[in-house]
Amino acid sequence: MMVTIRDVAKESGVSVATVSYVLNNGPRAVRPETRERVVSTMRRLNYHPNAVARSLVRQRTHVMGILVGDEQSEIVTNNYYAGILAGVFAGARQRGYNITFFTAGTDKDIEHHIRAQQPDAMLMIAPRLGQDLPKRLKSVGIPLGIVGAGDFYEDDATICVDVDNVVGMRLGMQHLWERGHRKIVYAIGNPNQESTQVRRAVFEQVLREWGIEPNDQDFIAHSFQAEVVYAAVQQYLEKTSTPTAIFAGNDGIALAVLQAARDKGLRVPEDVTVIGYDDWPVASYMTPGLTTIQQPMHQIGEAVVQGLANLIEKKNVKAETRVKRFPPTLVVRDST
């Protein structure tokens, strides 16, 4: 049975109006001990106030919440997250919003915290495939923006922003073709990411267009972790003939590929070519400089915040602008 505000009031020993004041931070003050009792009762009863009803009686918080993918700790070390967040922060600053991170517990726990705190919008960065949290958040009743998942969660999100991964992979493969490469291996990255699946599909499609039938040996390093990638590349080079090129799923993978190739006595690009994806800041300072597919991470982060802000502020957001794909750019350096 659904718990109501009256149930909370009865269990707390206060009036319905007092519970409402607690929920909406006014208009009347509530003594701290009473507020604590009401909040404790709401948690114990697992009470979730209706988001639509609350929005009618409270002003906006001017807060957007952020959730990241599986590896939450990487948000402080991963250049992709850093690039997206730089754009998010810039967009939030322009529109007058604060940013808060939701990180604790299971999907159910996170949903509970979001319902309790009621940010004006939520933003998910690179959610894993099959994650049910986007559907959960859709039921909360606030705008949801998703970055880095293509159109996989399009039905559950109100704003979807990403790079055009199809174009990006084709740019990289065309560059390798023009350099004469036909034996290419793809260091794929985490297969639980939508971008990984799309890029793999394009890689296979391009090979078939060249008259080459792809097989499992064309894919290595099913991870974004440098040590896993390094070991996988080393093992691959020991068991099979050296490919002429390795396409890395991101620049972090490319760094590990370069190191593994060097440690096997291979020269880049003379013995093997390496190309990355993202254009991390370090890519231009490596030796050799890394050829990579640049995605405009700052613009992507800023765009999703602008779209969410427009929805919150009830500005006109056309349906066709709710899904946006930014074009990538091939940046050629000395690794190819």
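What comes next concerns the included structure. Note that this is a predicted model, so its numbers are computed, not measured.

**Some points on the packing of helix α1 (residues 5-12) against helix α2 (residues 16-24)**
Right, on to step 1. Two numbers describe how α1 lies on α2: the axes approach to 8 Å, and their chain directions differ by 105°. Put simply, α1 runs roughly perpendicular to α2. Here α1 contributes Ile5, Arg6, Val8 and Ala9 to the contact with α2, which in turn contributes Val16, Val19, Ser20 and Leu23.

**Thoughts on the packing of aromatic side chains**
Right, on to step 1. Applying the stated criterion across every chain yields a total of 7 aromatic pairs.
Right, on to step 2. Where Tyr186 meets Phe219, the ring centres are 6.5 Å apart and the plane angle is 75°; that geometry is what we call edge-to-face. Placement of Tyr186 in strand β6 (residues 184-187) and of Phe219 in strand β7 (residues 219-220) is noted, with a sequence separation of 33 residues between them. As far as burial versus exposure is concerned, Tyr186 and Phe219 are alike and both buried.
Right, on to step 3. Each ring, one from Tyr186 and one from Phe247, has its centre 5.7 Å from the other, and the planes form 75°; the classification is edge-to-face. Of this pair, Tyr186 sits in strand β6 while Phe247 sits in strand β8 (residues 245-248), and the two are 61 residues apart along the sequence.

**Some details on the packing of α2 against helix α3 (residues 32-45)**
Right, on to step 1. Relative to each other, α2 and α3 sit at 90°, their axes nearing to 10 Å. Viewed along their axes, α2 and α3 adopt a mutual orientation that is roughly perpendicular. Residues Thr18, Val19, Tyr21, Val22 and Leu23 of α2 pack against Thr34, Arg35, Val38, Val39 and Met42 of α3.

**Looking at the sheet that holds β6**
Right, on to step 1. Within the open sheet, the 6 strands sit side by side as β7-β6-β8-β9-β10-β12. Their pairing is mixed. The two strands at the open ends of the sheet, each matched to only one other strand, are β7 and β12 (329-331).
Right, on to step 2. Alignment of strand β10 (residues 291-294) against β12, held across 3 bridges, turns out to be antiparallel. Of the residues in β12, the one forming a bridge with Ile293 is Leu330.
Right, on to step 3. The strands touched by helix α9 (residues 194-209) within the sheet are β6, β7 and β9 (273-278), with β6 carrying the most contacts at an inclination of about 175°.
Right, on to step 4. Across the sheet, helix α11 (residues 251-263) lies against β6, β8, β9 and β10, angled at about 160° from β9, the strand it touches most.

**Regarding the sheet that holds strand β5 (residues 159-163)**
Right, on to step 1. Ordered by their spatial adjacency, 6 strands build an open sheet running β2-β1-β3-β4-β5-β11, and the pairing between neighbours is parallel. Since the sheet does not close on itself, it has two edges, and those belong to β2 (98-101) and β11 (323-326), each with one partner. Direction aside, the axes of adjacent strands within the sheet are offset by 20° on average.
Right, on to step 2. In this sheet, β2 lies alongside strand β1 (residues 63-68) in parallel orientation, the contact comprising 4 bridges. Looking at β2, one finds that Ile66 is bridged to Phe101.
Right, on to step 3. Its contacts with the sheet place helix α12 (residues 297-312) against β1, β3 (121-125), β4 (144-147), β5 and β11, and it is angled at close to 170° to β5.

**Thoughts on the nonpolar core**
Right, on to step 1. Ranked by internal contacts, the top residues of the largest apolar core, which has 45 residues, are Ile125, Met173 and Phe247.
Right, on to step 2. Per element, the largest residue contribution to this core is 9 residues, and it comes from α12.
Right, on to step 3. Counting the residues that make up this core, at least three belong to each of domain 2 (63-164 + 297-325) and domain 3 (165-294).
Right, on to step 4. One finds Ala187, Ala248, Ala256 and Val274 within the second-largest nonpolar core, a separate group that totals 25 residues.

**Topic: the environment of Ser335**
Right, on to step 1. Relative to the helices and strands, Ser335 is located in the segment after β12.
Right, on to step 2. For Ser335, a relative accessible area of 0% gives the class buried.
Right, on to step 3. Sequence separation between Ser335 and Ala121 is 214 residues; the distance between their C-alpha atoms is 42 Å.
Right, on to step 4. The residues touching Ser335, leaving out its near neighbours within four places in the chain, are Val268, Pro269, Thr273, Val274, Pro288, Gly289, Leu290 and Thr291.
Right, on to step 5. A polar contact is formed between the side chain of Ser335 and the backbone oxygen of Val274, at a distance of 2.6 Å.

**Structural notes on α1**
Right, on to step 1. Turning to α1, its buried residues are Val8, Ala9 and Ser12. Down the axis of α1, the sector holding all buried residues measures 100°, keeping them to one side. More than 90 degrees from the buried face of α1, the exposed residues found are Arg6 and Lys10.
Right, on to step 2. As for α1, its buried residues are in contact with α2 and α3.

What counts, and where the lines are drawn
- Residues numbered from 1 in each chain as written.
- Predicted model: local features only at pLDDT ≥ 70, side-chain atom pairs only at ≥ 80, totals over all residues.
- Heavy atoms only, no water.
- Axes fitted to C-alpha atoms, helices over the stretch in contact; angles between N-to-C directions.
- Helix = DSSP H or I, 4+ residues; strand = E, 2+ residues; numbered from the N terminus.
- Parallel < 35°, antiparallel > 145°, perpendicular 65-115°, else oblique.
- Contact = heavy atoms within 4.5 Å.
- Phe/Tyr/Trp six-rings, centres within 6.5 Å; stacked < 30°, edge-to-face > 60°.
- Buried < 20%, exposed > 50% of the residue type's maximum accessible area, 1.4 Å probe, protein only.
- Pairing = 2+ DSSP bridges.
- Core = buried A, V, L, I, M, F, W, Y, C linked by side-chain atoms within 4.5 Å.
- Domains from an automatic or database assignment.
- Polar contact = N/O pair within 3.5 Å; in protein donor to acceptor, adjacent residues only side chain to side chain.
- Arc of directions from axis to C-beta.

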